[in-house]
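# Residue-level structure breakdown
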Amino acid sequence: MLIACISGSPRENGNSVKIINKVASYFQEKGARTEIIKLSEINIAPCIHCDFCKTNDYCNQDEKANEVNGILEQADAIIVATPVYFGGITGQLKCLLDKTLPVRRNGFRLKGKVGAAIATGGTRNGGQELAIKDIHAWMLIQGMVIVGDNSHFGGIVHNPLEKDDAGDMTIEGTIQAVSDLLARMVKL
Ligand SMILES: Cc1cc2nc3c(=O)[nH]c(=O)nc-3n(C[C@H](O)[C@H](O)[C@H](O)COP(=O)(O)O)c2cc1C
C-alpha cells in the first residue's frame with residue numbers, strides 16, 4: 001500500500017508541509033509506505049501543450065514531472081494539500097497537475113486511485129473550498145475516486161494552523177475517509 005502525499009506550497013516549513021507530514025505519519029503508523037512530494041523542493045514549469053505525450057507516455061519537457069508521475073502511478077491513494085492563492089490552488093501545484101497529462105493520455109494510469117484534498121488559507125473563508133474544487137476536478141478528470149472528510153469537502157484550515165482546532169478535525173476526517181475507503185477496497 002503506497003500513499004502519495006503532495007504539498008503544493010512553495011514554502012519549506014509552511015502549513016501544507018505540516019499537514020502532509022501529519023497525513024503521512026498516520027499511514028506510516030498503519031504500516032503503509034508513503035511518498036512525500038513537496039513543491040518547495042521541485043520546480044515544475046507550466047505545460048506548453050506540445051502534445052509530445054499524445055504519442056509518448058512521458059513528458060519530454062520535464063524529467064522531474066516524470067519522476068512524480070512514476071510515484072503517483074504506484075500509489076493507492078493521493079492526498080493533496082495546497083495553500084489558497086487568490087481563491088484557488090498555487091501556481092506550483094497547477095503546473096504539477098497539468099504535467100500529469102501523459103499519465104491520462106496513455107492508459108488513464110491514475111484511474112480508480114483514492115483521492116482527497118486539503119486547503120489552508122490565511123483566513124477562515126478565504127476560498128479553501130474553491131481550491132479543493134480545483135484539485136477535485138483534476139482527480140475526477142484523471143478517473144480517481146474522491147472522498148471528503150466524512151462530512152464535507154475535505155480538509156479546510158486557516159492560519160494559525162496550530163490554533164484551528166475545528167480545521168484540524170477536518171484534516172483528521174479526511175485521513176479517516178481515505179483510510180476507510182482503502183480498507184473497504186482491500187476487502188473486495
Ligand atoms: C499570493 C498569495 C495569495 C493568497 N491568497 C489567499 C486567499 O485567496 N485566501 C486565503 O485565505 N489566503 C490566501 N493566502 C494566504 C495563504 O493561503 C496562507 O498563508 C496559507 O496558509 C499558506 O500555506 P503554506 O504555509 O502551506 O504555504 C495567499 C498567500 C499568497 C502568498
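Above this text is the structure in question.
Remember, it's a predicted structure, so these values are computed and weren't measured experimentally. Once a new chain begins, its residue numbering starts again from 1 and follows that chain's sequence as written. It should be noted that, the model being predicted, local features are given only for residues of pLDDT at least 70 and side-chain atom pairs only at 80 or more, the latter also being counted only at that level, while totals for whole chains, interfaces and linings use all residues. No hydrogens and no water enter the side-chain calculation; it runs on all heavy atoms of the structure.

### So, the layout of surface pockets
Filter applied, for reference: Using protein atoms alone on a 1 Å grid, points that fit a 1.4 Å probe yet trap it form a cavity, whereas open point sets bounded by protein on both sides within 12 Å along at least five of seven lines form a pocket; residues with an atom within 4 Å of a point count as lining. Grid points are joined across faces, edges and corners, and a volume is the space filled by probe spheres set on the points. We count a stretch as a helix when DSSP gives it H or I for four or more residues in a row; a strand needs E for two or more, and each element gets its number in order from the N terminus. Following the grouping adopted for this structure description, the nonpolar residues are Ala, Val, Leu, Ile, Met, Phe, Trp, Tyr, Cys and Pro, the charged ones are Asp, Glu, Lys and Arg, and the polar ones are all others, Gly among them.
Taken as a whole, the largest pocket spans an internal volume of roughly 260 Å³. Contributing elements (two or more residues each) for the lining of the largest pocket: α3 (91–98), α4 (101–105) and α5 (128–141). Considering each element in turn, the lining of the largest pocket owes the most residues, four residues, to α5. Residue classes in the lining of the largest pocket are distributed as six nonpolar, two polar and four charged. If you add up the space inside the second largest pocket, you get close to 160 Å³.

### A closer look at α3
Inclusion rule: Three labels apply to residues, based on accessible area from a 1.4 Å probe with only protein chains included: buried if under 20% of the type maximum, exposed if over 50%, partly exposed otherwise in between. Every residue pair with non-hydrogen atoms within 4.5 Å of one another is taken to be in contact.
Here α3 has its buried residues at Leu93, Cys95, Leu96 and Leu97. On the buried face of α3, the contacting elements are β1 (2–7), α2 (63–74), β3 (77–83), α4 and α5.

### Looking at the pairing of β1
Our working definition: A strand pair is defined by DSSP finding two or more bridges across the two strands. Whether a crossover is right-handed comes down to one check: with the strands pointing away from the viewer, does the path from the first strand over the helix to the second run clockwise; if it does, it is right-handed.
The element β1 is extensively covered by neighbouring structure, given that six of its six residues are classed as buried. Pairing between β1 and strand β2 (residues 33–38): six bridges, direction parallel. Residue pairing across strands places Ala4 opposite Glu35, the latter belonging to β2. Read as a crossover between parallel neighbours, the route from β1 over helix α1 (residues 15–29) to β2 is right-handed. As defined by bridge partners, β1 adjoins β3 across five bridges and the pair is classed as parallel. Bridge pairing in β3 links Ile3 to Ala77.

### A word on the environment of Gly154
The topology assignment puts Gly154 in the loop between β5 (145–146) and β6 (155–158). Gly154 sits 16 residues away from Thr170 along the chain, and the two C-alpha atoms are 6.3 Å apart. Residues within four places of Gly154 in sequence aside, it is in contact with Ala117, Ile132, Gly148, Asp149, Thr170 and Thr174.

### Some remarks on the pattern of salt bridges
Applied cut-off: One speaks of a salt bridge when a side-chain nitrogen belonging to Lys or Arg is within 4 Å of a carboxyl oxygen belonging to Asp or Glu.
With the rule as written, the count across this model stands at ten salt bridges. In this structure, the salt-bridge partner of Lys99 is Asp62, at a minimum N-O distance of 2.7 Å. Of this pair, Lys99 sits in the loop between α3 and α4 while Asp62 sits in the loop between β2 and α2; the two residues are 37 residues apart in sequence, bridging distant segments of the chain. Taken individually, Lys99 and Asp62 each receive the classification buried, so the pair is uniform in this respect. Beyond isolated ion pairs, a larger network of salt bridges with shared partners links Glu12, Lys38 and Glu41.

### Let's talk about the site of the ligand
The following threshold applies: Whether a residue is near a molecule or strand depends on its heavy atoms: if one lies within 4 Å, it is near. Within 3.5 Å is the distance limit for a polar contact, defined as a pair of N or O atoms, with the added protein rule that one can donate a hydrogen and the other accept it, and that residues adjacent in sequence qualify only through two side-chain atoms. Here the open area of atoms and residues is found with the Shrake-Rupley method and a 1.4 Å probe, where only the protein chains shown may cover a residue.
Lining the immediate surroundings of the ligand are 16 residues, of which Ser9, Arg11, Asn15, Ser16 and Val84 lie closest. Between a nitrogen atom of the ligand and a main-chain N or O atom of Phe86, the distance comes to 2.9 Å. At 2.9 Å from a nitrogen atom of the ligand is found a main-chain nitrogen or oxygen belonging to Gly122. Within the complex, the protein chains bury 74% of what would otherwise be the 640 Å² of accessible surface of the ligand. Residue assignment for the shell around the ligand shows that the elements contributing at least two residues are α1 and β4 (114–121). The residue inventory of the shell around the ligand, partitioned by class, reads four nonpolar, eleven polar and one charged.

### Quick look at the packing of aromatic side chains
Applied cut-off: Each aromatic pair joins two rings of Phe, Tyr and Trp (for Trp, the six-membered one) with centres within 6.5 Å, and gets the label stacked for planes under 30 degrees apart, edge-to-face for over 60, and tilted for any other angle.
This model, assessed by the stated rule, comprises two aromatic pairs. Taking 5.2 Å as the distance between ring centres and 75 degrees as the angle between the ring planes, the aromatic pair formed by Phe52 and Tyr58 counts as edge-to-face. Classification of Phe52 as partly exposed rests on a relative accessible area of 22%. Residue Tyr58 is classed as partly exposed on the basis of its relative accessible area, which comes to 39%.

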